[in-house]
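Each chain, written out:
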Amino acid sequence: MENVLPPAEELRLIDRELVQLDSRRAQLLTRRAWLLTALRAADHAAAPARGPGRPPGTSAETSPPSAQNVLLTLGGILLTVAAVAFTLVSWGHMGIGGRALVLGAVTVTALGTPLLLLRRGLVSTAESVAALGLVLTVLDAYALRRAVLPSTDAVAYTAVAAAVLTAVWAAYGHAVGGLRLPLPAAVVAGQLPLPLWALAAGDSVEVTAWATLATAGLDVVIALTARRAAVRALAVAGAVTAGGWSLLTGAWLSVSADAPAASVEPALLLLAAGALAVGAAWRAPAAAAATSTAGGLAAVAAAGGVLRTVVPADWAVPAYLLCAAALLTAVRVRMPRGVLTGLGVASGLVHGAAALWAAPVVLLALTGPAATLEDVWGGAPVRDVVLPGAATAPVVLAAVAVTLWAAPRFLPAAQPSRPAVECGALVLVWSAVVAAPVALSLPLGPTLAVQLAVTAAALATAARPSLVAALLPTAAEAKGEAGAQPRPAGPLAGSTRDGHDGHDGHDAAESSGGPAGATGPGDTPGEERTSAPPRSAAGALDPVRTLAGTALACGLASAAGAALLGLASRPATFTALGVLVVVTAVAAVAARGLVRIVVACAAVVGTTGLVTAAGAAAELPGHHVGLALLAVPAAAALLGARLGRHPVAAAVEATAAATVAIAVALAVPHPPTLALVLALAGVVAAGTAVRAERRPLAGYAAAVLFVTATWVRLAASGVDVPEAYTLPVSVPALAVGALRRRRDPSASSWAAYGPGLAATLAPSLLAAWGDTDWPRPLLLGIAALGVTLAGARLRLRAPLVLGGLTLALDALHELAPYVVQVVDALPRWLPPALAGLLLLAVGATYEQRLRDARRLRETLGRMR
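The model shown is predicted, which means the values in this text are computed figures rather than measured ones. (Residues numbered from 1 in each chain as written. Predicted model: local features only at pLDDT ≥ 70, side-chain atom pairs only at ≥ 80, totals over all residues. Heavy atoms only, no water.)

### Some remarks on the overall build of the protein chain
Keep this limit in mind: Where helices and strands are cited, they refer to DSSP runs of H or I of at least four residues and of E of at least two residues respectively, numbered from the N terminus. When checking whether two residues touch, look at their non-hydrogen atoms; a contact exists if any pair is within 4.5 Å.
Looking only at helices and strands, the protein chain features 33 helices and zero strands. Considering only residue pairs separated by 6 or more positions, the protein chain has 68% of its internal contacts joining residues 24 or more positions apart.

What follows is the structure, given as structure tokens:
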């Protein structure tokens, strides 16, 4: 062992560690003795609680499940099986006295034994024996029916027996308070007497429903007054099951009623069920919301079921909706918060269901015009689908919208999300107007007028949400809060939250060449240009902005429907598209932010459709219509130059660029016109590339369009010489590479000249290998030689390698026939001999060849 310390010092350290270990061991032994003393004292103190005869360390019988509990359970099951077998099999071998004596004695013994067991603290054993006694009471009732009352009605006897057993078990459970099973069993048995009595009486379904509802009422009373959790849980389950069945039965009877007199009894049943649910919600706050929701739905179904039989069939849904609105007004009464919430939710569910019922009519109004695509300008589409209740769909939607608008005032306790509610009201009003032509079966002209009017109104709301902000309480509150805050300094000082966006700040930003809110040249990205405090997270759901976005979505949807509907006839097309272009253009001028960008793009789309319709109306060929469509991107480029760096400019130009694809698709059948379309599109892109902010993308697009136009023109003229296609690409590419090398001498020649040289040399080499004449290979060899010499002179790697490789392959192609002739003329043994000599020469000068290869690699590596 190698010691780091001297032996004497290390021995001293070891002695010190041993002393510390002995001290720690003494402390642990002392602590252990104290713990043992404490445990013995605790065992002696708990000994009286265990009862006499129980050894220390054993647990009480009511401890968690153990082997003893399993044995008791199995014993109780076996005794129950034996009792059932005795009653069913051995019953006939005894007389009436013997039968009564045996069953009575066994039942009394089974019910009385738990009293003695509870006194001795044997709770689990008492529970098992009590369960056996309860089963024996059921067997007693069965035996009584078989032996004494065989002629009685089985259902009636079961109802009476269930009632008697319920009373006996409840009394037994209250008398023997230490047992947990009798009272829950009494609750379960109590679900049977009233429904079975109604079935035995042979009355109608209404009587059975009333009996089940009465059972649910008893369950509610038990659930509200019982102390044990198991009893309450079973009572709640029984109340939900029985009450739910009664409620569904009443709703089915109410819907099936065809006369006012037939709807009265189901209505009373539903009202009773609703009153029971609301009463339970009043007494049980934990489940007040869900229970009162069921009560509110029952009340609406009761009142609506009566009104439904009075009004025409199309007005059934408005009748239910009226009852739901009346229920909503009831929340003004002083009630617990949970009850108010449940009633409000019930009314909201009915309103939502009514809106969903009317939604197919709105979808038909929006998607029905798509049928005109099958026969453009062939007349108005014929509606083959007839929706039930379509005549009242606008009324339903308008009523739901009014309720939503008033909901924040009528539901002070629930406090719904007001911006979302108001936006929903706006969507419903828009839906009601859109569905009105379908409901009224209006012809093409009025329907198109309604669609255009609702589009204009929606886009006006999106552009200037302050026009309707006065009708919205949340918008008014937001406006008041914004007015109470100090106005920030800077170019955005006019930006408020009332929907105006601040004309002063916005115009100032536009006059400086940028959009409102853009950072200036001296600003750091991410820093505010105003002194306004940061917006809170709650401001993310600005009511005015949310309203503007909702109105924009509605306006675009109705605009699409109007455009499709206009395809029914030629005048309708020009009317619809013209109005849409004007409306979207005006909205783009008046709007701010994202709304302005979206409606400006919509204006471009509408203009494209208008130009296409004009070409079709003039009966122009498709490729000529494609030429006319290029006016749209040209106008967009001019507008973009006027707007500068404004966000709208980029969006408008991008949307107009998609028109080029449509123009190209229309001109594909006519290649000369296709080349002209591509060239004109390249001119537009080149004009756009003059602007610094569009130069990178537009410049590349212009180059691609010009080259493609050239290729299409050559192909249309029957030119099949590859150089005619490659040189228009290679020459500009080499020019760009030369300019790059001039600005950056360290740039690689592969990046500067490689693409341009490969674009011409590779196709020409492939064409030369397939050409049997000599001019092409000769010209290609001369060009490759020149490229190679230029690369060697200028010490550029890409021209040297590409030119040399092309020259070698071209020479190989030209010399190949002569080499083949020479090889054929030589003796057969000469080629192997020459190959062997070559290998010998290379092997003899192997080191020299390696040095030559390294020198060549180093020379190429020094080149650019």
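Back to the write-up after that little detour.
### Some remarks on unusual backbone geometry
The cut-off we apply is this: Residue exposure (1.4 Å probe, protein chains only): buried if accessible area is under 20% of the type maximum, exposed if over 50%, otherwise partly exposed.
We note that Ser441 has phi near 55°; this positive angle belongs to a residue other than glycine. Secondary-structure assignment places Ser441 in the loop between α15 (418-440) and α16 (444-463). Assessed through its relative accessible area of 59%, Ser441 is described here as exposed. Positive phi is not limited to glycine here, since Arg795 has a value of about 55°.

### Thoughts on the nonpolar core
Short version of the rule: Among buried residues, those of type Ala, Val, Leu, Ile, Met, Phe, Trp, Tyr and Cys that are joined through side-chain atoms within 4.5 Å constitute a nonpolar core.
Ranked by internal contacts, the top residues of the largest apolar core, which has 24 residues, are Val361, Leu397, Val400, Leu428, Trp430 and Val434. Those elements that place two or more of their residues in this core are α13 (337-367), α14 (393-410), α15 and α16. Sorting elements by how many residues they give to this core places α13 first, with eight residues. The contact partners of Leu397, leaving out residues within four places of it in the chain, are Ala355, Ala358, Val362, Leu428, Ser431, Ala432 and Ala435. Counting residues in each nonpolar core, the second largest holds 19 residues, with Ala463, Val583, Ala636 and Val652 among its members.

### Description of a nonpolar patch on the surface
Worth spelling out the cut-off: Here a patch means residues that are over 30% exposed by relative accessible area and free of salt bridges, tied together within 9 Å if like-charged and within 5 Å if nonpolar (Val, Leu, Ile, Met, Phe, Trp, Tyr). To be clear on the numbers: accessible area is Shrake-Rupley with a 1.4 Å probe, and residue cover counts the displayed protein chains and nothing else. A side-chain nitrogen of Lys or Arg and a carboxyl oxygen of Asp or Glu constitute a salt bridge if their distance falls within 4 Å.
Side chains of Trp210, Val264, Leu268 and Leu271 sit close together on the surface and give an oily, nonpolar patch of about 340 Å² of accessible area. Looking at which element gives the most residues to the nonpolar patch, the answer is helix α10 (residues 260-283), with three residues. Residue placement: Leu271 occurs in helix α10. The class for Leu271 is partly exposed, based on a relative accessible area of 44%.

### Digging into the side chain of Thr806
This is how the line gets drawn: For the purposes of these results, a polar contact is taken to be a pair of N or O atoms within 3.5 Å, where, inside protein, one atom must be able to donate a hydrogen and its partner to accept one; residues adjacent in sequence count only when each atom of the pair is a side-chain atom.
Relative to the helices and strands, Thr806 is located in helix α31 (residues 797-825). You can call Thr806 buried: its relative accessible area is 6%. Engagement of the side chain of Thr806 in a polar contact is seen with the backbone oxygen of Leu802, the distance being 2.7 Å. Beyond its immediate stretch of four places on either side in the chain, Thr806 contacts Leu761, Leu765, Leu780 and Ala784.

### Describing the packing of helix α20 (residues 543-566) against helix α22 (residues 593-617)
To characterise two packed helices, one gives the angle between the axes of the helices and the distance between these axes. What counts is decided by this rule: What counts as an axis is a line fitted to C-alpha atoms, over the stretch in contact for a helix, and the angles between N-to-C directions run from 0 to 180 degrees. For this classification, under 35 degrees means roughly parallel, over 145 means roughly antiparallel, 65 to 115 means roughly perpendicular, and everything else is oblique. Each residue gets one label: Ala, Val, Leu, Ile, Met, Phe, Trp, Tyr, Cys and Pro are nonpolar, Asp, Glu, Lys and Arg are charged, and the others, such as Gly, are polar.
Where α20 contacts α22, the two axes come as close as 11 Å, and the packing angle between them is 10°. The angle between α20 and α22 falls in the class roughly parallel. In this structure, α20 contributes Ala548, Leu552 and Leu556 to the contact, and α22 contributes Val595, Val598, Val599 and Ala602. Its residues assigned to classes, the contact of α20 with α22 comprises seven nonpolar, no polar and no charged.

### Details of α10
Counted only if it meets this: Multiply 1.5 Å by the residue count of a helix minus one, and that product is the helix's expected span.
With 24 residues, α10 should reach 34 Å at 1.5 Å per residue; the first-to-last C-alpha distance of 34 Å fits that figure. Here α10 has its buried residues at Ser263, Pro266, Ala267, Leu269, Leu270, Ala273, Gly274, Ala277, Ala280 and Ala281. Where α10 is buried, its residues contact α8 (205-225), α9 (229-256), α11 (288-308) and α13.

### Topic: the side chain of Thr455
Mapped onto the secondary structure, Thr455 falls in helix α16. The contacts of Thr455, once residues within four sequence positions are left out, are Gly555, Ser558, Ala559 and Leu580.

### Here's the deal with the environment of Trp769
One can find Trp769 in helix α29 (residues 749-769). On a C-alpha basis, the gap between Trp769 and Leu812 in space is 9.7 Å, while along the polypeptide they are 43 residues apart. A polar side-chain atom of Trp769 sits 3.4 Å from the main-chain carbonyl oxygen of Leu809.

### Things to note about the packing of α11 against α13
This is how the line gets drawn: Definitions for this section: a left-handed crossing has its near helix turned counterclockwise from the far helix by less than a right angle. A right-handed crossing has that turn clockwise.
Packing of α11 against α13 leaves a shortest axis separation of 7 Å and a crossing angle of 45°. By the angle between their directions, the pair α11 and α13 is classed as oblique. Taken as a pair, α11 and α13 cross one another with a handedness that is right-handed. Contacts between α11 and α13 involve Ala288, Ala289, Ser292, Thr293, Gly296, Leu297 and Val300 on the former and, on the latter, Gly338, Val339, Gly342, Leu343, Val345, Ala346, Leu349 and Val350.

### Concerning the pattern of salt bridges
Across all of its chains, the model carries four salt bridges by this definition. When the shortest N-O distance is used, the salt bridge between Arg180 and Glu127 registers 3.6 Å. Of this pair, Arg180 sits in the loop between α5 (154-175) and α6 (182-189) while Glu127 sits in helix α4 (residues 123-147); the two residues are 53 residues apart in sequence, bridging distant segments of the chain. Glu723 serves as the salt-bridge partner of Arg776, at 3.0 Å between the closest nitrogen and oxygen. Here Arg776 is found in helix α30 (residues 775-794), whereas its partner Glu723 is found in helix α28 (residues 722-743), with 53 residues between them in sequence. Classification of Arg776 by relative accessible area gives partly exposed; the value is 21%.

### A short note on the confidence of the model for the protein chain
Rule in force here: pLDDT is a residue-level measure of predictor confidence that goes from 0 to 100.
When the pLDDT values of the protein chain are averaged, the result is 78; 79% of them are 70 or greater. Within the protein chain, helix α19 (residues 503-511) has the poorest average pLDDT of any element, 37, and helix α21 (residues 570-590) the best, 92. Confidence drops under a pLDDT of 50 for residues 47-65, and excluding neighbours within four residues, the segment shows 18 contacts in the predicted structure. Overall, residues 478-540 carries pLDDT values under 50, and its contacts beyond four positions in sequence, including any with other chains, amount to 62 contacts.

### Quick look at the state of the cysteines
Just so we agree on the cut-off: We call a pair of cysteine sulfur atoms a disulfide whenever their separation is within 2.5 Å.
Scanning all chains against the criterion turns up zero disulfides. We note that Cys423 lacks a disulfide partner, and the nearest cysteine sulfur, in Cys554, lies 9.1 Å from it. With a relative accessible area of 6%, Cys423 lands in the buried category.

### Some details on α5
In this model α5 runs 31 Å from its N-terminal to its C-terminal C-alpha over 22 residues, within 8% of the 32 Å that 1.5 Å per residue would give. Among the residues of α5, Tyr157, Ala159, Ala161, Ala162, Leu165, Thr166, Trp169, Tyr172 and Gly173 are the ones counted as buried.

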